[in-house]
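Breakdown of the fold
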Amino acid sequence: MISEKLNLWYCDTFVSQPWQFFFLALPLIGAFLYGRGKQKMGWILIGIWIVIQVTVSAATNFVFTCNME
């Protein structure tokens, strides 16, 4: 089981802060580079965003319990 301190830290640091929206720049920049003919770098940025997003979403949904009331 996850300790209460770790759960509170995760919820305060990752879930309730707007930093996740800054990661939306990765697929946008990747799409821009893809359109400019730099397909490899574009897919790398999109792939990095997918890995980060899936990891954080899975941790939030399955590991930690964050009540945002």
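Note: the structure precedes this text.
The following paragraphs examine the structure supplied in this document.

The rules we used
Residues numbered from 1 in each chain as written. Predicted model: local features only at pLDDT ≥ 70, side-chain atom pairs only at ≥ 80, totals over all residues. Heavy atoms only, no water. Helix = DSSP H or I, 4+ residues; strand = E, 2+ residues; numbered from the N terminus. Expected span 1.5 Å × (residues − 1). Buried < 20%, exposed > 50% of the residue type's maximum accessible area, 1.4 Å probe, protein only. Contact = heavy atoms within 4.5 Å.

**Let's talk about helix H4 (residues 39–63)**
Compared with the 36 Å implied by 1.5 Å per residue over 25 residues, the 35 Å span of H4 between its first and last C-alpha is a close match. Along H4, the residues that are buried comprise Gly42, Leu45, Ile46, Val56 and Ala59. Close packing links the buried residues of H4 with helix H1 (4–15), helix H2 (19–22) and helix H3 (25–35).

**Observations regarding the side chain of Asn7**
Topologically, Asn7 is positioned in helix H1. What Asn7 contacts, discounting residues up to four positions off in sequence, is Ile2, Phe64 and Thr65.

The quantities given are spatial measurements derived from coordinates; they are silent on function.
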